[in-house]
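Close look at the chain arrangement
Here are the chains, one letter per residue:
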Amino acid sequence: MTGKKIAGVFFGICLLSAPLAWAETATVELHQATLEGSGASIGSVTFTDVSDGVEIKTSLYGLPNGQHGFHIHENASCEPMEKAGVMTPAQAAGGHYDPEKTGKHLGPDGGGHKGDLPRLTANNEGRADGVMKVKDLTVSEIKNRSLMVHIGGDNYSDHPEELGGGDGRFACGIIR
Ligand SMILES: [Cu+2]
Ligand SMILES: [Zn+2]
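Residues numbered from 1 in each chain as written. Chains lettered and ligands numbered in written order. Predicted model: local features only at pLDDT ≥ 70, side-chain atom pairs only at ≥ 80, totals over all residues. Heavy atoms only, no water.

So, about the coordination of the zinc ion (ligand 2). For the zinc ion (ligand 2), every protein donor is listed as H96 (ND1), H105 (ND1), H113 (ND1) and D116 (OD), and the spread of their distances is 2.0 to 2.1 Å. Note that the zinc ion (ligand 2) binds 4 donor atoms; their angles at the metal cover 100 to 123°, and the shape is tetrahedral. (Donors = N, O, S within 2.8 Å, 3.2 Å for Na, K, Ca; no water. Tetrahedral: all angles 85-135°; square planar, octahedral: opposite > 155°, others 65-115°.)

Right under this line is the structure:
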């Protein structure tokens, strides 16, 4: 191989490996959502840009056994706020991240809220450890928003209850 060819091959390898080296990440520390604000820690979640979306690694504990709605909410706040006249934990986080203003809760890759993530499942020990992936999402657009774990599950629909029926906000953290 000539020097020029070697340089060309080397340049090609750099191009292939570049996206991995530049992958943006964000980590969230999740805390219980209470009427007094953030409570006990329940672990952390890491978001990493991948070629066609975001990879989400969860390392969570202290969850009630079973399924939990898991979403990105609009605002970078986990503070309590009034909802229909009642103080409600983490209400200041606002609604589900919905930049296209679809007004629809359709689950991950459903074409509605972009903040609809795959639901979490906590095991008998209350742990939810795993890796999930969501398409058409970037780390930069979810920074300075909040990540929410709900008390109940998520049926990826607004029926029979709005927003997947996940009930109250169990834990919250700001994506930085
Ligand atoms: Cu939510
Ligand atoms: Zn939603």
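From this point, the narrative continues.
Right, let's talk about the coordination of the copper ion (ligand 1) for a bit. Looking at the copper ion (ligand 1), the protein donor atoms are H71 (ND1), H73 (NE2) and H150 (NE2), and they sit 2.0 Å from it. Counting gaps between the donor residues of the copper ion (ligand 1) yields the pattern H-x1-H-x76-H. Here H71 is found in strand β5 (residues 70-73), whereas its partner H150 is found in strand β10 (residues 146-150), with 79 residues between them in sequence. We classify H71 as buried; its relative accessible area is 0%. Judged by its relative accessible area of 5%, H150 is buried. (Helix = DSSP H or I, 4+ residues; strand = E, 2+ residues; numbered from the N terminus. Buried < 20%, exposed > 50% of the residue type's maximum accessible area, 1.4 Å probe, protein only.)

On to the layout of surface pockets, then. Empty space among the atoms becomes apparent when a probe as large as a water molecule is rolled across them. By volume, the largest pocket amounts to about 290 Å³. Looking at the largest pocket, it is lined by 15 residues, and the ones nearest its centre are K83, H150, L163, D167 and G168. For the lining of the second largest pocket, a count of residues per class yields 2 nonpolar, 6 polar and 6 charged. (1 Å grid on protein atoms, 1.4 Å probe; cavity = no way out; pocket = protein on both sides within 12 Å on 5 of 7 lines; lining within 4 Å. Points joined across faces, edges and corners; volume = space filled by probe spheres on them. Nonpolar A, V, L, I, M, F, W, Y, C, P; charged D, E, K, R; others polar.)

Turning our eyes to something else, we now look at the sheet that holds β10. Taken in spatial order, the 7 strands make up an open sheet running β5-β10-β11-β1-β2-β3-β9, and their pairing is antiparallel. Either end of the sheet is taken by a strand with one partner, and the two such strands are β5 and β9 (128-135). Within the sheet, the average angular offset between the axes of one strand and its neighbour, ignoring direction, is 25°. In the sheet, β10 pairs with strand β11 (residues 169-174) via 5 bridges, with the strands oriented antiparallel. (Pairing = 2+ DSSP bridges. Axes fitted to C-alpha atoms, helices over the stretch in contact; angles between N-to-C directions.)

Glancing now at the side chain of D98. Along the chain, D98 turns up in the loop between β7 (86-88) and β8 (120-122). Reaching out from D98, the side chain makes a polar contact with the backbone nitrogen of G103 at a distance of 2.8 Å. (Polar contact = N/O pair within 3.5 Å; in protein donor to acceptor, adjacent residues only side chain to side chain.)

Core analysis: the biggest nonpolar cluster contains 27 residues, and F47, I56, F70, I72, L117 and L147 have the highest contact counts within it. Excluding residues that lie within four positions of it along the chain, L117 makes contacts with F47, I56, F70, H71, I72, P108, V134, L137, L147 and Y156. Counting 7 residues, the second-largest nonpolar core is a separate cluster that includes A33, A93, M148 and C172. (Core = buried A, V, L, I, M, F, W, Y, C linked by side-chain atoms within 4.5 Å. Contact = heavy atoms within 4.5 Å.)

For the rest of this paragraph, the subject is the state of the cysteines. For the structure shown, the criterion picks out 1 disulfide. In this model, C78 is linked to C172 through a disulfide, with the two sulfur atoms separated by 2.0 Å. Negative torsions about the S-S bond denote left-handed disulfides, and the value of about -75° found for C78 with C172 makes this one left-handed. One end of the pair, C78, is in the loop between β5 and β6 (81-83); the other, C172, is in strand β11, and 94 residues separate them in sequence. (Disulfide = S-S within 2.5 Å.)

What follows concerns unusual backbone geometry. Cis geometry is found at the peptide bond from H159 to P160, where omega equals 0°. Its identity as a non-glycine residue notwithstanding, L163 has a phi of 55°, on the positive side. The exposure class of L163 is partly exposed, given its relative accessible area of 35%. Even without being a glycine, D167 presents a positive backbone phi close to 70°. Taking relative accessible area as the criterion, D167 reaches 63% and is therefore assigned exposed.

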